[in-house]
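One-letter residues, chain by chain:
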Amino acid sequence: MACFILPKLYEGIELQKALKRYKIKLSDIKKRYYANGKTLLCLKKRVKTRLDKSLFPSHQEEQEIIYVDEFVSRQTYLIDQERRAEIETTIGEIKSMSGVEREIYGRAILGLRGQKMPSRLNLYFVKFGRSKIIDTEISSGDIVLISRGEPLKSDTTGTVSEIRKNFITVAFEQRPPKWVYRGDIRIDLYINDVTFKRMEENLQNLRHATGQKRVLRNIALGIFEPKIPNEHAIEPITRLNNSQKTAVAKSLGSEVFLIHGPPGTGKTSTLIELILQEVKRGNKVLATADSNTAVDNMLQRLAKHDLSLVRIGHPARILYELEEFSIHAKYEKSLEAEAIKKGWEEIGFLVKERDKFSKPTQARTRGMSHERILTLAAHGKSQRGVSAATMQSMAKWIKLDRKIDTLVKNLRFEEEQIYKKIIHEADVVLSTNGMIMSEILKDEDFDVAVIDEGSQQIIASTLIPIMHAHRFIIAGDHKQLPATVVSDNDELKKSLFEELITKFTQNSSMLQVQYRMHEKIMGFSNEKFYDGKLIADEKVKNHTIKDLGLKPSAKFPDILDEEPLVFVDTKGSETSEVLPDRSTSYENPYEAAIVKELVLELLARDAKPEDIGVISPYVAQVKRIKKELDLEDKIVEIKSVDGFQGREKEIVIISFVRSNPNGNIGFLKDLRRLNVAITRAKRKLICIGDSQTLQHDQTYRDFLDYIAKNGKIRSYND
């Protein structure tokens, strides 16, 4: 198939005209590709034509354009599929589930009453509270739907600003309706379409990238190989171990680098040191992650150092204690903002003045243009049944409207200049990936992008910060769970971090000292997933729940003792898994009852509720355990494995759920899910499961053997 290239983008009529010059018809073209600001056209085999040699690209350029075009098209399709799946799932769930069910799953909060809070940063805040504890998956920054009990009949949406034990604060861009201040308000987790649109827009920018951005794009897509890292000598500003120092030193000397951070190894701490070193070298840094929580975590740590920091994002999505770093807060404190505020006040006065006159609606103007109205009014004339007085009133409205329009444009330009000044004066700009494509930041470029949580992002998301920098460093752990994808598409779940660390191992470094787990808890994951390279720091390698000062347990002395690793075996008991009606998720009533008894006993032994975490791979089991363990005044976190990624607790109880004679373990086979589950505990890990079912899988058989040698296996009935 012969392909030739046109030096710019041609589509539709323009393409037909261009082809005509070469005596080629549109029907002669088999395939079109667009990339690098060019059009690549591939002819059908039957077409015979003589074209100038200059129109034929090199093999490398042809392959690059084809690959980029197909990549962008494929990613755009995947994003659209995910968007549709997210919308269908959310609306379908609201329709099919009761409010109570949706609350148990953590995606709704019922029985709230709204309370008006002071406005700030041009937003209206409402605190929704109730006496019952709020235990939810909804988090700061989420888009929520506010209703009087029937969410699909409401169009009132807001952004979660803060969640506490008994209240949730929501920010509204428009004044909320009065009914939100009444009782029996329901809040539902809702859909945010903006992020998808921003990813798609960035993909189109990536398609036609130039200069260094084209180089980074081609490395990210695997078309080019990155240069070998040039390790820089550093004097650490924070405390680092040797593997962290190596990662920072190599990152400083790389155009592309990947920091592999297994559980508890101080991945974010390493990134903070890297950012400090980049600023020390005079580089402007873009620090990003997919979640607001991860971005605010970096901001909290960077705020301890003498840096100029600015956080981009919806003010409601930024932690209240970090609001001073918000670009909107910085704007309001600027000297220029006061003058602009007076300008907006003047516009408000002019709008009131303008509205005293007749607005030139279609009915009033009778087809006359604004210019015609001004001319007739100047001469005191009437026309088409419009009186001279009405004509003059409309003319005054038009003149004031034009003045308002000019003032608005000028003020918006001045506002834009202030925001740009704030960004340009900052050493570090912090943002979620999606917000980089907001109007305030989309045209900015940075020396380096530092991307956290890289293994939990879909590829299109990670590409946003990459297309705004001259170098990039991604931190993550591809041995843990990938991005949560509603469409359940394996292709979409694969992260750019995983793609690159597999291809370019020479441009990566693994952190090796972990600061979370007792070495027995760490041991299995270390051997199975990290080639035995992890080392437990001296401060944690032997710590146990004895350090928490708990009273001895008379009820479960052989389970709740100082041994860090225990497997509670349910084999031979009445422990069969259950698949509830209208559900694809399994639950296990017997295991849920064991979890309840162990948690209540831990609390009775003076364990703090915030030190205990309960994990299950199945959301139906999470729901059941929450029902069983309905503690009125205490919150013990009970989540799916996905919901616990990135978290840690002193004591973790895992319910594996599956128990059947056929040895079916379903998606427990995803070993990354196992890795995340068993690496959340610091001092005590209690696993509950049916060994006869689990041991049908080799990895779980190995896990049980490991516990038998390094911890202990006990029957619940012993």
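The structure under discussion appears in the preceding block.
Now for a quick tour of the structure. (Residues numbered from 1 in each chain as written. Predicted model: local features only at pLDDT ≥ 70, side-chain atom pairs only at ≥ 80, totals over all residues. Heavy atoms only, no water.)

With respect to the packing of aromatic side chains
The description of an aromatic ring pair rests on the distance of the ring centres and on the angle between the ring planes.
Thought 1: Per the stated rule, a full pass over the model turns up 10 aromatic pairs.
Thought 2: Judged by centre distance (4.8 Å) and plane angle (20°), the rings of Y331 and Y419 are stacked. Taken together, the residues span a long stretch of sequence, with Y331 in helix 9 (residues 327-333) and Y419 in helix 13 (residues 388-425) at a distance of 88 residues.
Thought 3: Y331 sits in the buried class, given a relative accessible area of 10%.
Thought 4: Ring centres of F524 and Y706 lie 5.9 Å apart, and the angle between their planes is 55°; on these two criteria the pair is classed as tilted. Of this pair, F524 sits in helix 17 (residues 519-529) while Y706 sits in helix 23 (residues 698-710), and the two are 182 residues apart along the sequence.
Thought 5: It is R673 that lies over the ring of F667; its NZ or CZ is 4.3 Å from the centre. (Phe/Tyr/Trp six-rings, centres within 6.5 Å; stacked < 30°, edge-to-face > 60°. Helix = DSSP H or I, 4+ residues; strand = E, 2+ residues; numbered from the N terminus. Buried < 20%, exposed > 50% of the residue type's maximum accessible area, 1.4 Å probe, protein only. Lys NZ or Arg CZ within 6 Å of the ring centre and 35° of its normal.)

A few points about unusual backbone geometry
Peptide bonds are trans in most cases, and residues, glycine excluded, mostly fall at negative phi.
Thought 1: Here the phi dihedral of K23 falls at roughly 60°; this positive angle occurs in a residue that is not glycine.
Thought 2: With respect to the helices and strands, the residue K23 is situated in the loop between helix 1 (12-21) and strand 2 (29-35).
Thought 3: Positive phi, close to 55°, is recorded for D531, a residue that is not glycine.
Thought 4: Within the secondary structure, D531 sits in the loop between helix 17 and strand 18 (535-536).
Thought 5: Take D531: its relative accessible area is 62%, and that puts it in the exposed class.

Observations concerning the pairing of strand 11 (residues 285-289)
Thought 1: Most of strand 11 sits out of view: five of its five residues are buried.
Thought 2: Along strand 11, one buried face is formed by V285, A287 and A289 and the opposite face, lined by L286 and T288, is buried too.
Thought 3: Pairing between strand 11 and strand 13 (residues 428-432): five bridges, direction parallel. Residue T288 lies in a different strand from strand 13, and its bridge partner there is S431. (Pairing = 2+ DSSP bridges.)

Brief notes about the environment of I272
Thought 1: The residue I272 is located in helix 7 (residues 267-280) in this model.
Thought 2: Among the residues examined, I272 registers a relative accessible area of 3% and is labelled buried.
Thought 3: Distance from I272 to E11, taken between C-alpha atoms, is 46 Å for residues 261 residues apart in sequence.
Thought 4: Residues within four places of I272 in sequence aside, it is in contact with M298, R301, L302 and H305. (Contact = heavy atoms within 4.5 Å.)

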